[in-house]
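Okay, here's what each chain looks like letter by letter:
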Amino acid sequence: MGADLQTNTYLSPGIQAMLPFLYAAWSDRHLSVPEIESLRREAAQLPFLTEDDRRVLSDWSDPVHPPSRERFQQWLTNTRRAAEALPTDRTASLAELGTWLGQAAESDPEARADYWREQLPALLQIEQGLGGVREDTYRSLFPRYDEREKLNEAIRESSVDPAHLQQILEGPHAEVIRRVKEILLRPSFERTILRIKEDYREQVLRWCKELAREGIGALSYPREYGGQGSMQDYAAAFETIAYHDLSLTIKFGVQFGLWGGAIYNLGTKRHHEAYLRETGTLELPGCFAMTETGHGSNVRGLETTAVYDHENRELIVHTPSITAGKEYIGNAMHSRMAAVFCQLIVDGESHGVHAVVVPIRDEAGHTLAGIRVEDNGYKLGLNGVDNGRLWFDQVRVPVDNLLDKYGGISAEGNYESPIESPSRRFFTMLGTLVGGRVFVPRAGLSAAKSALTIAVRYGLRRRQFPGESLRSETIILDYPNQQRRLLPLVAKAYAVQFGLDHLLDRYVNRTEEQMREIEAMAAGLKSYATWFATAAIQEGREATGGKGYLAENRFADLKADTDIFTTFEGDNTVLMQLLAKSLLTEFNKSFQEDGNIAVLKYLGRRVTTIVTEQNPYVVRQTDREHLESRSFYQSAFHFRARRLVSTLAQRLRAYIKDGKSAYEAGLLCQTHMIAAAEAYVEQLVLDESLRRVDGLDGARHPSEGSEPSNGAAQLLEKVITLYAAHTIEGHAAWYLESGYISGPKSKAIRKLVDILCAELRPEAGVLVDGFGIPDELLGAPIALA
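For clarity, every value in this text was computed on a predicted model and none was experimentally measured. (Residues numbered from 1 in each chain as written. Predicted model: local features only at pLDDT ≥ 70, side-chain atom pairs only at ≥ 80, totals over all residues. Heavy atoms only, no water.)

## Details of the overall build of the chain
Within the chain one finds 33 helices and 13 strands. By the burial criterion, 56% of the 785 residues in the chain qualify as buried. Considering only contacts within the chain whose residues lie at least 6 apart along the sequence, 74% involve residues at least 24 apart. Carbon together with sulfur atoms contributes 50% to the accessible area of the chain, which is approximately 33100 Å² in total. (Helix = DSSP H or I, 4+ residues; strand = E, 2+ residues; numbered from the N terminus. Buried < 20%, exposed > 50% of the residue type's maximum accessible area, 1.4 Å probe, protein only. Contact = heavy atoms within 4.5 Å. Areas by Shrake-Rupley, 256 points an atom, 1.4 Å probe, with all protein chains shown as cover.)

What follows is the structure, encoded as structure tokens:
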């Protein structure tokens, strides 16, 4: 026992046994006369107290001379240490703590165990005589009990069952999510820290194969190739896997989403029959070789070539320079095949970027002739993913290996395509591959949810600093600043989820005419969600202090593994400019197609905004009812999105009129473009969040056929209001400059955010439990009961 618990040796066993009672008696700052009399009367009968002990006890229970802060803290430290060492079969009570402390202070604790057990009834009598211990005092003495019960208590106090929130988030995909969680909770998926990348990669490969055997990898493929034909279920599985291990998530996505997606979306039936089933079972590991060292986001500028040799009906795939090598290719060290994106050249004419299936290893895993593969080595994170570089030296493959859904070579050796325009063909081909930008942000959001769940749960359990000298310490999530740090991020997680769900729905049900819009939407949401993930994980780490810095509590891996999300599948800054250009195209197109009518509509909207939203009264209106109304905050989001695009168009037009090239004008307006893209995404996220809330029974603005929510609608309405208010607060300077709000209104919005955070504090545990992350997948000791 001595090894389990150390006590202050200058205190006798008798005084050690009385420390829990002294702490509890003084915890509400003063001792009442009945408490003093009860304590002294019962103590006088205790056989283990010496005369010296009784004098010390009398002094320390004197109401005229309360204990110093240092002594009071020492009592708390001793009793807490005892509570942590208390065997699980012992009842958590002051009496049990007393016997445990007294025994531990003996020179031979084991020999005195029976003696101290005999003192338990007497100590229980003293505990009853104190007239009931304050709940927060009891919790401060028993941190293990506090950790088990505090979150449950917070959830019980809420009017909403987290299962209802989880049901809303998971929607019709709850069954596949449950199934994937069940697989991930198997002993074979137990996390182990593997510092050697080769060991980690083999573990991830084993996990990936097990998921493939269960049919999870092939969910999006047609049934005739072993799948279920459900892209939505695949997306649900992908984001669920991200709760477990992000290296597994990315390898899973490369194998079944990128490699398999290239075969399915760019190939034809012969390719599907040749590769798709074995891809889904992972019998045929493959990789997606698009990015080059010299060309990351600029796909049109790829240098790798595929030259058609008509005499042999072959394509000669070649890397013309070191910088033209394929870079950061996931699954490169395990793959047998690669979908290589290259410039297709037929009869000396380039027909733009196409994909060719190139074997890179034989079945024994040996690299084939003409193929050069290098390991990318250790990375900041995701070291369970086997990233590598690929070069091709005049590698010949049959012309049938060309993925020719949008462009192929006839038997006569002529290039043919159902899409005549090279530009339209290029964007159509890339549009089918936009899935990466649809799925990656979902994995990033899962990581953010994990981080926020860990941080909020820790905040509901961790205590720091008493409000008054001799009172229990304060739960850290009760501090307004801690609420400010975490609760707006939790609200944003819900909003981003609703936005990403809308994107997935649009992507799955797309038509060719909608692809440009969906591609732009995916570019913006991918950027917004992954930037959010990076910020949320960092804030969660800081909010958990030194505990969050420990590897066991997962922030290290979450930070390291998601950091790349902001730059792969397209650099976020580049993607936001892509979205801004799309917004400008649509803005200009509306004027070109509708002519004077469009001008009149534009001017009419400007006048309406000035009259209804920018009049002197509304600009200065600060009452809570107004600030929480959709007529204010939704209009504010729409105003910012419209204004930034229209002023961007005006600036670009002015620069070009002044003699600047379109490229130069774009550079001068680059930051404006990114702000306009961000405003569009925020408007989209807010609109879709409100639409989802309105689809729930009990919403303030219910839509037809709304689904039951069991009180969740009202909670989510407030959550989305917090997201809106916090976002407007973040853009307060812009709104002030634009004359949309006054200084006092800006202050009122800031105050509203504080109020909403305080009002949502009791729901914090419910909101993060609503994410539906099992404790075993969460994996952080500071977040587990």
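## Description of the side chain of His-502
In this fold, His-502 is placed in helix 18 (residues 480–508). Of the residues examined, His-502 reaches a relative accessible area of 15% and is grouped as buried. If we skip the residues at most four places from it in the chain, His-502 touches Met-521, Leu-684, Glu-688 and Arg-691.

## Section: helix 15 (residues 269–280)
With twelve residues, helix 15 should cover 16 Å at 1.5 Å per step; its first-to-last C-alpha distance of 16 Å lies within 8% of that length. Among the residues making up helix 15, those that are buried are His-271, His-272, Tyr-275, Leu-276, Thr-279 and Gly-280. Around the axis of helix 15, the buried residues are gathered within 120° of arc, so they sit on the same side. Those residues of helix 15 that are buried lie in contact with helix 12 (197–213), helix 14 (246–266), strand 5 (337–346) and strand 6 (349–359). Of the residues one or two after helix 15, Leu-282 is the one with positive phi, at around 65°. (Expected span 1.5 Å × (residues − 1). Arc of directions from axis to C-beta.)

## Side note on unusual backbone geometry
Of note in this structure, Tyr-328 is not a glycine but carries a positive phi near 60°. Inspection of the secondary structure puts Tyr-328 in strand 4 (residues 326–329). Here Arg-554, not a glycine, exhibits a phi torsion of approximately 75°, which is positive. Here Arg-554 is to be found in the loop between helix 20 (545–549) and helix 21 (555–562).

## Points about helix 3 (residues 51–60)
All buried positions along helix 3 are accounted for by Asp-53, Leu-57 and Trp-60. One side of helix 3 holds all its buried residues, which, seen down the axis, span an arc of 65°. Projecting away from the buried face of helix 3 at angles above 90 degrees are the exposed residues Glu-51, Arg-55 and Asp-59.

## A closer look at the pairing of strand 8 (residues 388–392)
Most of strand 8 is tucked away: four of the five residues are buried. Where strand 4 lies against strand 8, two bridges are found, and the strand directions are antiparallel. What sits directly across from Ile-329, in strand 8, is Gly-388. Inspection of the sheet shows strand 7 (residues 371–375) paired to strand 8 by five bridges, in the antiparallel sense. What sits directly across from Arg-372, in strand 8, is Trp-391. (Pairing = 2+ DSSP bridges.)

## Notes on the nonpolar core
Residues Leu-165, Leu-248, Phe-252, Phe-341, Tyr-494, Phe-532 and Phe-632 are the most contacted members of the largest nonpolar core, which totals 175 residues. If near-sequence neighbours (up to four positions away) are discounted, Leu-248 is found in contact with Leu-184, Phe-189, Val-204, Trp-207, Cys-208, Leu-211 and Ile-241. (Core = buried A, V, L, I, M, F, W, Y, C linked by side-chain atoms within 4.5 Å.)

## Focus: the sheet that holds strand 7
Here three strands make up an open sheet; going across it, the order is 4-8-7 and the pairing antiparallel. Every interior strand has two partners, whereas the edge strands, strand 4 and strand 7, have only one. Taken pair by pair, the neighbouring strands of this sheet meet at an average axis angle of 25°, ignoring direction. (Axes fitted to C-alpha atoms, helices over the stretch in contact; angles between N-to-C directions.)

## Let's talk about the confidence of the model for the chain
Of all residues in the chain, 88% have pLDDT values of 70 or greater, and the mean over the chain is 88. Across residues 1–9, confidence stays below pLDDT 50; counting only partners more than four residues off in sequence or on other chains, it has 19 contacts. (pLDDT = per-residue confidence, 0-100.)

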